[in-house]
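Each chain, letter by letter, is given below.
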Amino acid sequence: MRGNISEKIVKGVFVLEAALALFIIAGVVTGSVDLFRYFKIIYSTPPLQTFYVLQTFLGHTLTLVIGLELVIMLVRHTPSSVIEVLLYAIARKMIIEAKNMLDILLGILAIAGLFAINKVFTPGKFFVQEGTVVNSAMLTREVNELADVNIPEDLGNTIGGVIARLCMEHGEKPAIGTMLRVADADISILSMEDELIKKVKITKTRKKDDML
């Protein structure tokens, strides 16, 4: 019963995020119309004053780009999409609001830090040989991305739903230590609260060719 409630909550949150993404898209489309008005303003502005108008134009454009990246982040739910949003936000800060070389230097260091994180920690692919620990309420498609596995999404919307269905098919009761195999993934239950699954470990099965 609790598992079904958890799945419904996750689905509801996903629907709300999708709705917010649609609102952002509508805002970006509406804001894009204003971009055409800048051409008239630039044309009618004295040459020595066009710099500030162009700066405002670039700030407006980059803000719209950040809005689109936020939509991608809400839809994809991956750490990589978060980094992309931060990159555009820092770039906008540097181009539009930087007042001196120190601001530019700090922006460069921030971007370099994001690229280092992306290189060293490979966001979105936290899989290691020991397995990936996730919450049972995590969507199955997100688990597939994080652990680099191919668990069929039609078995359940969340990984907890997948485990519940597999246990039911095998005539087993979910318990700490229960291990299941589906597709190229080994699933084991790490913790439970009453009869509700909490933490799960996903381990990608190694192919024979990889073991040679």
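Now for a look at the structure at hand. Everything numeric in this text was worked out from a predicted model, so none of it was measured. (Residues numbered from 1 in each chain as written. Predicted model: local features only at pLDDT ≥ 70, side-chain atom pairs only at ≥ 80, totals over all residues. Heavy atoms only, no water.)

Within the largest apolar cluster, 19 residues are counted, with the highest numbers of intra-cluster contacts made by Ile 151, Ile 159, Val 162, Ile 163, Ile 187, Val 200 and Ile 202. Residue assignment for this core shows that the elements contributing at least two residues are helix H5 (140-147), helix H6 (159-170), strand E2 (179-182), strand E3 (185-193) and strand E4 (196-204). Per-element tally for this core: the top contributor is H6, with 5 residues. Among residues more than four places away in sequence, those in contact with Val 162 are Thr 140, Ile 151, Leu 155, Gly 156 and Ile 187. (Core = buried A, V, L, I, M, F, W, Y, C linked by side-chain atoms within 4.5 Å. Buried < 20%, exposed > 50% of the residue type's maximum accessible area, 1.4 Å probe, protein only. Helix = DSSP H or I, 4+ residues; strand = E, 2+ residues; numbered from the N terminus. Contact = heavy atoms within 4.5 Å.)

In this section: the environment of Pro 79. Within the element layout of this structure, Pro 79 appears in helix H3 (residues 79-97). Judged by its relative accessible area of 27%, Pro 79 is partly exposed. Considering only alpha carbons, one finds Pro 79 and Asn 118, 39 residues apart in sequence, at a separation of 9.2 Å.

Glancing now at the pairing of strand E1 (residues 132-135). It is a general feature of regular strands that their side chains alternate between the two faces of the sheet. Burial along E1 is one-sided: Thr 132 and Val 134 are buried, and none of Val 133 and Asn 135, which face the opposite way, are. Sheet analysis places E1 next to E4, joined by 4 bridges and oriented antiparallel. Its bridge partner lying in E4, Val 133 is registered against Lys 201. (Pairing = 2+ DSSP bridges.)

Side chains Leu 180 and Val 182 project from E2 onto a buried face, and the interleaved Met 179 and Arg 181 project onto a face without burial. Here E2 pairs with E3 via 4 bridges, running antiparallel. Among the inter-strand pairings, Arg 181 is bridged to a residue of E3, identified as Asp 186. Between E2 and E3, which follow one another and run antiparallel, lie 2 residues, and Ala 183 among them has a positive phi close to 55°.

The topology assignment puts Ile 72 in helix H2 (residues 50-76). Put simply, Ile 72 and Glu 84 are 12 residues apart on the chain and 9.5 Å apart in space, counted from C-alpha to C-alpha.

Another point: the sheet that holds E3. With antiparallel pairing, the 4 strands of this open sheet are ordered in space as E1-E4-E3-E2. The outermost strands of the open sheet, each flanked by one partner alone, are E1 and E2. Across the sheet, the mean angle from the axis of one strand to that of its neighbour is 30°, orientation sign disregarded. One ladder, built from 8 bridges, connects E3 with E4; its direction is antiparallel. For Asp 186, the partnering residue across the bridge sits in E4 and is Thr 203. (Axes fitted to C-alpha atoms, helices over the stretch in contact; angles between N-to-C directions.)

Let us look at the packing of aromatic side chains. Under the defined criterion, the tally for this structure stands at 3 aromatic pairs. When the centroid spacing of 5.4 Å and the interplanar angle of 80° are considered together, the rings of Phe 51 and Tyr 52 count as edge-to-face. Taken individually, Phe 51 and Tyr 52 each receive the classification exposed, so the pair is uniform in this respect. (Phe/Tyr/Trp six-rings, centres within 6.5 Å; stacked < 30°, edge-to-face > 60°.)

Side chains of Leu 102, Leu 105, Leu 106 and Leu 109 sit close together on the surface and give an oily, nonpolar patch of about 400 Å² of accessible area. If you trace the backbone, Leu 105 turns up in helix H4 (residues 101-120). Residue classification places Leu 105 among the partly exposed residues on the basis of a relative accessible area of 45%. (Patch = residues over 30% accessible without salt bridge, like charges linked within 9 Å, V, L, I, M, F, W, Y side chains within 5 Å. Areas by Shrake-Rupley, 256 points an atom, 1.4 Å probe, with all protein chains shown as cover. Salt bridge = Lys/Arg side-chain N within 4 Å of Asp/Glu carboxyl O.)

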